[in-house]
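Each chain, written out:
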Amino acid sequence: MNTTHSLKLYRNGINNIDHQILKLLSQREKLSINIVLEKIKNKINIYDPIREKELFSILEKKSNLYKLDPIFIKKLFLIIIQNSVLLQKKFKTEIKKKKKICKLLGPEGSYSHIAFNKLLISNTENLIPKFYKSFSEINTSLQEKKNFLLLPLENNITGIISEVYQLLKKKKLYIKKEIYLEIKHYLLSYQNLSFHKIQHIYSHKQPFLQCSKFLKNFPTWKKYFCNSTSEAIKKTFKKKNSVVLGNYLGKNLYNLFTLSKNISNQKKNITRFVFVTSKKPYFFLKKKFKITIMFQLYNYKHKINKILNILSQYKCIVLKLLSNLQNKNILKKIFLLDLQTFQINLDVKKIFSKIKKITHSFQILGTSKIN
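Residues numbered from 1 in each chain as written. Predicted model: local features only at pLDDT ≥ 70, side-chain atom pairs only at ≥ 80, totals over all residues. Heavy atoms only, no water.

Caption draft 1: Spatial organisation of the nonpolar core. Residues F116 and L150 are the most contacted members of the largest nonpolar core, which totals 30 residues. Setting aside its immediate chain neighbours within four residues, F116 contacts L37, C102, L104, L127, I128, P129 and L150. One finds L153, I175, M294 and L336 within the second-largest nonpolar core, a separate group that totals 23 residues. (Core = buried A, V, L, I, M, F, W, Y, C linked by side-chain atoms within 4.5 Å. Buried < 20%, exposed > 50% of the residue type's maximum accessible area, 1.4 Å probe, protein only. Contact = heavy atoms within 4.5 Å.)

The following block contains the structure:
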């Protein structure tokens, strides 16, 4: 192997490690934001000298373990910690201006929590998360006039999240922003278990469906269904021979062992989350924007073709059409439709008026940017 090729190979290795460092620093910043939210809630100061002293003591031990210069590591983490403190102070100042409660499925460490962290970075709202144990609890909480929610709408493996469709159908909620989250399921445990010792597995029903091919290899494992993956993690605490299907945030928060990772049925496992509000938005049309509508049909096979013909007549592009079977006897379905139009002066009200006459119920969920 010549010198040039060797250098290129080693540098590629360093580039990959640098990429992992940046990825981990990004994850650290997101956790730092979660910490400041807890500090605000419990009226705790941003700077914690006791925690800093404890952290540097751990880092010194780890430096020796990995044969790294402790002085260099201390200097490096001083910069990282200073950045975290500045980030937390800035976020605290923004939050104080105008707090808005965002309701989502929890507790901490759920996939909704990860999506919320992603929303915080890209959103202009000053949001504080409020975690609920189940969708029914979220539904009960919607008696207030103003509501902000982050909900998982659909998954590319399992399709419609039925509980969310029911919630959107009952309440007048509108999409303000979308978050597409790559779902990576981990098999986690509080102890470093061998596979032959596993007897029980806990999770939300969605991860069970999305990892069904992997789980077929272990038919003797008894399944326990929970309201969320983070609730599943809490339920497995100190239970012998038990594992959970969870995510990297839950793994980090609860200091769990990874027994296996990326075990979804498909490599690309994407969930579409929607940040919704009770405030009706202004529906505008732009080239890179789509309109999302939801409607219900009886005897849908004939009627759905009528709707598609109307959209075709007005040169609307159907980006996505999903359905949810409500009742097999009367063939009633709820549909979610994403559509796009390039005609700026198009009379959207006229189109929707025609579609509304065909449907049993009809709701415009909002406009959002095409990803």
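Now that the structure has been shown, the text picks up again.
Caption draft 2: Structural view of unusual backbone geometry. Between G106 and the following residue, P107, the backbone shows a cis peptide bond with an omega angle of 5°. Residue position: P107 is located in the loop between β1 (100-105) and α4 (111-122). The phi angle at N255 is positive, at roughly 55°, despite the residue not being glycine. Here N255 shows up in the loop between α10 (248-254) and β10 (257-261). Owing to a relative accessible area of 66%, N255 belongs among the exposed residues under this scheme. (Helix = DSSP H or I, 4+ residues; strand = E, 2+ residues; numbered from the N terminus.)

Caption draft 3: Geometry of the side chain of T277. Within the secondary structure, T277 sits in strand β11 (residues 270-277). The exposure class assigned to T277 is buried, which follows from its relative accessible area of 7%. At 3.3 Å, the side chain of T277 and the backbone oxygen of N147 are in polar contact. Contact partners of T277, with chain neighbours within four places excluded, come to N147, F148, K172, L173, Y174 and K176. (Polar contact = N/O pair within 3.5 Å; in protein donor to acceptor, adjacent residues only side chain to side chain.)

Caption draft 4: Structural detail: the side chain of N147. When you line up the elements, N147 lands in the loop between α5 (135-140) and β3 (148-155). A polar side-chain atom of N147 sits 2.8 Å from a polar atom in the side chain of K103. Residues in contact with N147, not counting those within four places in the same chain, are K103, S141, L142, V276, T277 and S278.

Caption draft 5: Main features of a positive patch on the surface. Among the surface-exposed residues, K23, K184, K261 and K268 lie close enough to one another that they form a single positively charged patch. Secondary-structure assignment places K268 in the loop between β10 and β11. Using a relative accessible area of 54% as the deciding quantity, one classes K268 as exposed. (Patch = residues over 30% accessible without salt bridge, like charges linked within 9 Å, V, L, I, M, F, W, Y side chains within 5 Å. Areas by Shrake-Rupley, 256 points an atom, 1.4 Å probe, with all protein chains shown as cover. Salt bridge = Lys/Arg side-chain N within 4 Å of Asp/Glu carboxyl O. Lys, Arg positive; Asp, Glu negative; His and termini not counted. Charge placed at Lys NZ, Arg CZ, Asp CG, Glu CD.)

Caption draft 6: Region of interest: the pairing of strand β12 (residues 289-298). Burial analysis of β12 places nine of its 10 residues in the buried class, which makes it a mostly covered element. As paired elements, β12 and strand β15 (residues 361-369) share eight bridges and run antiparallel to each other. Its bridge partner being in β15, K290 is matched across the sheet by S368. Strand direction decides the pairing type here: β12 and strand β14 (residues 332-340), joined by eight bridges, are antiparallel. Looking across to β14, one finds that F295 is bridged to F335. (Pairing = 2+ DSSP bridges.)

Caption draft 7: Structural view of the packing of aromatic side chains. Summed over the entire model, instances satisfying the criterion amount to 10 aromatic pairs. Taking 5.5 Å as the distance between ring centres and 15° as the angle between the ring planes, the aromatic pair formed by F295 and F335 counts as stacked. Of the two residues, F295 sits in strand β12 while F335 sits in strand β14, which places them 40 residues apart along the sequence. For the pair F352 and F362, a centre-to-centre distance of 5.5 Å together with 50° between the ring planes defines the contact as tilted. A residue pair is termed long-range when its members are at least 10 positions apart, and F352 in helix α12 (residues 348-358) and F362 in strand β15 qualify at 10 residues. Exposure remark for F362: the relative accessible area of 16% places this residue in the buried category. Taken together, the ring pairs connect F195, F214, F218 and W221 into an aromatic cluster. In this arrangement the basic side chain of K74 is found over the ring face of F56, its NZ or CZ atom lying 5.7 Å from the centre. (Phe/Tyr/Trp six-rings, centres within 6.5 Å; stacked < 30°, edge-to-face > 60°. Lys NZ or Arg CZ within 6 Å of the ring centre and 35° of its normal.)

Caption draft 8: Looking closely at the confidence of the model for the chain. Mean pLDDT over the chain: 84, with 90% of residues reaching 70 or higher. Per-element confidence in the chain ranges from a low mean pLDDT of 76 for strand β13 (residues 317-327) to a high of 95 for strand β7 (residues 200-203). (pLDDT = per-residue confidence, 0-100.)

Caption draft 9: Inspection of the sheet that holds strand β6 (residues 186-189) at higher detail. As summarised here, the arrangement of the five strands in space is β8-β7-β9-β6-β10, forming an open sheet in which the pairing is mixed. Of all strands in the sheet, those with a lone pairing partner are β8 (222-225) and β10, marking the two edges. Ignoring which end each strand starts from, the neighbouring axes of this sheet average 30° apart. Sheet analysis places β7 next to strand β9 (residues 242-246), joined by three bridges and oriented parallel. Looking at β9, one finds that H200 is bridged to S242. (Axes fitted to C-alpha atoms, helices over the stretch in contact; angles between N-to-C directions.)

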